[in-house]
Amino acid sequence: MRWSKTFIPTLKEDPQDAEAASHKLMVRAGLIRRLSSGAYIYLPAGLKSLKKAESIVREEMGRSAAVELLMPSLQPPELWKRTGRYDDIGEVMIKYTDRHGKEVALGPTHEEVVTDLVSREVRSYKDLPLTLYQIQTKFRDEVRPRFGVVRSCEFLMKDAYSFDVDAESMERSYKTMYDAYCRIFDRCGLSYLPVEADPGLMGGTVSHEFMVPTDIGEDRIVVCPSCGYAASTEVAAVKASAAAGQSTDPKSPEEVRTPGASTVQDVSAFLKVKPSDLIKTLIYVADGEAVAVLIRGDHEANDAKIKRHLGARSLELANEKKVEEVTGGAMGFSGPVGLSLRIVADNAVRNMAHAVTGANEKDKHLRNVDPGKDFSVKEWIDARVITAEDPCPKCGSGIELKYAIEVGHTFKLGTKYTEPLNAMFLDDNGKQRPIIMGCYGIGVNRILASLIETSHDADGIIWSRALAPYEAVVIPAKKEDEKISREAERVYAELAQAGVDVILDDRDKSAGVKFKDADLVGFPFQVIIGKKGMETGSVEVKTRSAAKPEFVKKENLLGTMKGDVSPPQNKL
Ligand code: ATP
Ligand code: MG
């Protein structure tokens, strides 16, 4: 490819609407442009990288005996009603009414469609196991589209679905996909980490999320440097510390006025007590039933753990009206004393003494409240998010908390979809049984964005060779010099012939601009053709991840490019 013939509109300035480094660089390097909120155009160089990521995914799916199909984006919402997910997904699903008055959805994911297909086509155990996948555009009306293609409303997903006769066989299909994911992300040059994740309603068996640690990540993970344990904070267990025993100085609860103070911060400032002396009483609605959850003031409630404990399909914080209805007091002033509601409490609350909590009355709190004495709890559970001060759930050493971008997930679904959609098979005894399912997603756009987010410098992107739009750029240092120009053409042709994905920067621009653009777009190799090199039969080669260019004998150029120029993997 000749730069003058393609379309890589690089920019000197960062786009105003971009916060994340990857977003800024993808725009500046001429890879993407914003069309509207959450919708991006892939320009030719961006599309090349996207296609390279897609090819790696496709190859590794193929090596894992997964077979590709393509399902429509237009989906009948009735299928979603049959699995009960129509209500769960809510506003995220983009829907419209067609000219015949029928509701149509734009697929946010395809579990329903693929399971419906399998329910109609798979009959017997002889047809299984089967893993189907597609690489296709998904639509989601995200609450907060951000960071360019990291969270957009239209994005490319690889979604795979495995179908097995029993749990044991499903574990094998799962492991095959898990291994394929590791190969995919390794080949892409991503610094990723598979972490244990929330298994959802399935319970029991572990699911995994493939995470790329970075400060812009919207997910949080726990990593133990000592034993290698890695998990999403949604599942990382908090070890309950030994009971502190009852206070030796029993006091009675005392009502105090706290006008307008309804948050932990307000109350602790107003009463001059530490947040850790407060008991937060959160009123949730779980599958329509109100339940109170007690959490120490400085801790964060863990909805995933609470949901699992309750075995609830849906869990949300109660609104003001509901709080008043079930506690008799205003929101922000709830407390467990005298509360006639199911109470679930985090283990850390058990060790509190003389705590402050809401009085179930507007502008009032109670002091000197002791668990066990002033209110009783039947369900002590691990209901909070782990903190950096907690020990590793596996080995007890210190842990680190990090933010991360989820690039993929592997999930054991069991019969969550096959039962409601009647995807059954005849086993070898002639008995009808529901098929056991797994599902596996990869955000293809996120592969690019998370690589750039974790692999760039002040000058631009540092691509892995596998995903760079071009592996090498040939730059004639002085285009108007005919000899240099001819030599650049020769080197360009030699590289192209040898199978290197190369671009020749033949634009009428100064060498300075070309060097800057080469760094910005981030090609792994820059091959610079200049006077000095030509006099000595060499070319200058700069690898994007190395600091300085080196002169290489012409005949050794291809050999230099055989080496590994993947960006240095971040230490995880
Ligand atoms: P998130 O929690 O980030 O919203 P999710 O759990 O909704 O992700 P899945 O439904 O598991 O995501 O989708 C599979 C993969 O698709 C994710 O691992 C992620 O890489 C990608 N993905 C999900 N939502 C988006 C989006 N809005 N934009 C780009 N990629 C996305
Ligand atoms: Mg989502």
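Please refer to the structure higher up on the page.
Residues numbered from 1 in each chain as written. Chains lettered and ligands numbered in written order. Predicted model: local features only at pLDDT ≥ 70, side-chain atom pairs only at ≥ 80, totals over all residues. Heavy atoms only, no water.

**Student:** Just checking my understanding: could you explain the overall build of the chain for this structure?
**Tutor:** When helices and strands are counted, the chain shows 15 helices and 31 strands. Dimensions along the principal axes, computed over C-alpha positions, put the chain at roughly 95 × 65 × 50 Å. Taking all 572 residues of the chain together, 53% fall into the buried category. When contacts within the chain are restricted to residue pairs at least 6 apart in sequence, those whose partners lie at least 24 apart make up 69%. About 26,100 Å² of surface is accessible on the chain, with carbon and sulfur atoms providing 49% of the total. Taking the average place of the 79 positive charges on the side chains of the chain and the average place of its 85 negative ones, the gap between the two points comes to 3 Å. (Helix = DSSP H or I, 4+ residues; strand = E, 2+ residues; numbered from the N terminus. Buried < 20%, exposed > 50% of the residue type's maximum accessible area, 1.4 Å probe, protein only. Contact = heavy atoms within 4.5 Å. Areas by Shrake-Rupley, 256 points an atom, 1.4 Å probe, with all protein chains shown as cover. Lys, Arg positive; Asp, Glu negative; His and termini not counted. Charge placed at Lys NZ, Arg CZ, Asp CG, Glu CD.)

**Student:** I keep staring at the site of ligand 1 and nothing clicks. Help me out?
**Tutor:** Neighbouring residues of ligand 1: 14 residues in total, closest Glu 142, Arg 151, Ser 152, Glu 406 and His 409. At 2.8 Å, a side-chain N or O of Glu 142 approaches a nitrogen atom of ligand 1. Val 407 has a polar backbone atom sitting 3.2 Å from an oxygen atom of ligand 1. Here ligand 1, which alone exposes 580 Å², has 83% of that area covered by the protein. Contributions of two or more residues to the shell around ligand 1 are made by strand E8 (154-164) and strand E21 (400-414). With four residues, the single largest contributor to the shell around ligand 1 is E21. (Near = heavy atom within 4 Å. Polar contact = N/O pair within 3.5 Å; in protein donor to acceptor, adjacent residues only side chain to side chain.)

**Student:** Is there a simple way to think about the sheet that holds strand E30 (residues 538-543) in this case?
**Tutor:** Adjacent strands of a sheet pair through backbone hydrogen bonds, lying either parallel or antiparallel. Reading across the sheet, the five strands line up as E28-E27-E29-E30-E31 and stay open at both edges, with mixed pairing between neighbours. The outermost strands of the open sheet, each flanked by one partner alone, are strand E28 (502-504) and strand E31 (550-553). Strand-to-strand, the axes of this sheet are offset by a mean angle of 30°, without reference to chain direction. For strand E27 (residues 472-476) and E28, the ladder comprises three bridges, and the chain directions are parallel. Note on E28: the bridge partner recorded for Val 474 is Leu 504. Running at roughly 165° to E28, helix H12 (residues 482-497) makes contact with E27, E28, strand E29 (525-529) and E30 of the sheet. (Pairing = 2+ DSSP bridges. Axes fitted to C-alpha atoms, helices over the stretch in contact; angles between N-to-C directions.)

**Student:** For this particular structure, what's the right way to read the sheet that holds strand E4 (residues 74-75)?
**Tutor:** Read across the sheet, three strands follow the order E4-E6-E5 without closing on themselves; strand pairing throughout is antiparallel. Each having just a single partner strand, E4 and strand E5 (94-97) make up the two edges of the open sheet. One ladder, built from four bridges, connects E5 with strand E6 (residues 103-106); its direction is antiparallel. Counterpart to Tyr 96 in the pairing with E6 is Val 104.

**Student:** Is there a simple way to think about the packing of aromatic side chains in this case?
**Tutor:** Here the distance between the centres and the angle between the planes together describe a pair of aromatic rings. Counted under the stated rule, the structure contains nine aromatic pairs. With centroids separated by 6.0 Å and ring planes inclined at 85°, the aromatic side chains of Tyr 181 and Phe 185 adopt a geometry described as edge-to-face. In this pair, Tyr 181 and Phe 185 are both assigned in helix H6 (residues 167-188), four residues apart and thus about one turn of the helix distant. We note that Tyr 181, like Phe 185, is buried. Measuring from centroid to centroid gives 5.5 Å for Phe 185 and Tyr 192, while their planes differ by 50°, and the two rings are tilted. Tyr 192 matches Phe 185 in its accessibility class, with the two residues each being buried. Taken together through their ring pairs, the aromatic side chains of Tyr 178, Tyr 181, Phe 185, Tyr 192 and Phe 210 make up a single cluster. Residue placement shows Lys 48 over the ring face of Tyr 470; its charged tip is 3.8 Å from the ring centre. (Phe/Tyr/Trp six-rings, centres within 6.5 Å; stacked < 30°, edge-to-face > 60°. Lys NZ or Arg CZ within 6 Å of the ring centre and 35° of its normal.)

**Student:** When you look at the nonpolar core in this model, what are you seeing that I'm missing?
**Tutor:** One recurring pattern in soluble globular proteins: nonpolar side chains tend to sit buried together. Grouped together as the largest cluster of nonpolar side chains are 60 residues, with contacts concentrated most on Leu 31, Met 61, Phe 185, Leu 190, Ile 447, Trp 463 and Leu 467. The element that contributes the greatest number of residues to this core is H6, accounting for eight residues. Counting 24 residues, the second largest nonpolar core, distinct from the first, contains Ile 89, Met 93, Ala 105 and Val 122. (Core = buried A, V, L, I, M, F, W, Y, C linked by side-chain atoms within 4.5 Å.)

**Student:** What is the right way to look at the pairing of strand E2 (residues 39-42) in this model?
**Tutor:** Each regular strand shows side chains that alternate between the opposite faces of the sheet. With four bridges connecting them, strand E1 (residues 32-36) and E2 associate as antiparallel partners. Bridge pairing links Arg 33 to Ile 41 in E2. Where E1 folds back on E2, the antiparallel hairpin that results is connected by two residues, among which Gly 38 adopts a positive phi of roughly 75°.

**Student:** What is the right way to read the packing of helix H2 (residues 44-63) against H6 from this model?
**Tutor:** Packed helix pairs are characterised by how far apart their axes lie and by the angle those axes make with each other. Running from N to C, H2 and H6 point in directions that differ by 150°, and their axes come no closer than 9 Å. Here H2 is positioned roughly antiparallel relative to H6, judged by the angle of their axes. Between H2 and H6 lies a crossing whose hand is right-handed. Contact with H2, carried on its side by Ile 56, Val 57, Glu 59, Glu 60, Met 61 and Arg 63, involves Met 177, Ala 180, Tyr 181, Arg 183, Ile 184, Arg 187 and Cys 188 of H6 and no other residues of that element. Taken together, the residues of the contact of H2 with H6 sort by class into eight nonpolar, no polar and five charged. (Parallel < 35°, antiparallel > 145°, perpendicular 65-115°, else oblique. Left-handed = near helix turned anticlockwise from the far one by under 90°. Nonpolar A, V, L, I, M, F, W, Y, C, P; charged D, E, K, R; others polar.)

**Student:** Can you walk me through helix H5 (residues 111-121) in this structure?
**Tutor:** Since there are 3.6 residues in each turn of an α-helix, residues three or four apart along the chain are aligned in direction. Burial analysis of H5 places eight of its eleven residues in the buried class, which makes it a mostly covered element. Taken together, the buried positions of H5 are Glu 111, Glu 112, Val 113, Val 114, Thr 115, Asp 116, Val 118 and Ser 119.

**Student:** Looking at this model, I keep getting lost on unusual backbone geometry. Mind explaining?
**Tutor:** The phi angle of most residues is negative, glycine excepted, and most peptide bonds adopt the trans form. Cis geometry is adopted by the peptide bond preceding Pro 129, which originates at Leu 128 and carries an omega value of 0°. Here Pro 129 lies in the loop between H5 and strand E7 (130-139). Despite not being glycine, Lys 272 shows a phi value in the positive range, around 55°. Here Lys 272 is to be found in the loop between helix H7 (264-271) and strand E14 (278-286). Residue class for Lys 272 comes out exposed when judged on its relative accessible area of 73%.

**Student:** When you look at the packing of H2 against helix H11 (residues 444-454) in this model, what are you seeing that I'm missing?
**Tutor:** It is the contact of H2 with H11, at a shortest axis distance of 9 Å, that shows an interaxial angle of 115°. Considered as vectors, H2 and H11 are oriented roughly perpendicular to each other. Crossing hand, H2 versus H11: right-handed. In contact with Gly 46, Ser 49, Leu 50, Ala 53, Glu 54 and Val 57 of H2, H11 contributes Val 444, Asn 445, Ile 447 and Leu 448.

**Student:** What exactly am I supposed to notice about empty space enclosed by the protein here?
**Tutor:** In this approach the atoms are scanned with a rolling probe the size of a water molecule, which exposes any empty space left behind. Inspection of every chain in the model, using the stated rule, returns two cavities of 30 Å³ or more. Forming the boundary of the second largest cavity are Glu 487, Ile 528, Ile 529, Gly 530, Gly 533, Met 534, Ser 538, Val 539 and Lys 554. Listing elements by their share of the lining of the second largest cavity, those giving two or more residues are E29, helix H14 (531-535) and E30. When its residues are assigned to classes, the lining of the second largest cavity shows four nonpolar, three polar and two charged. (1 Å grid on protein atoms, 1.4 Å probe; cavity = no way out; pocket = protein on both sides within 12 Å on 5 of 7 lines; lining within 4 Å. Points joined across faces, edges and corners; volume = space filled by probe spheres on them.)

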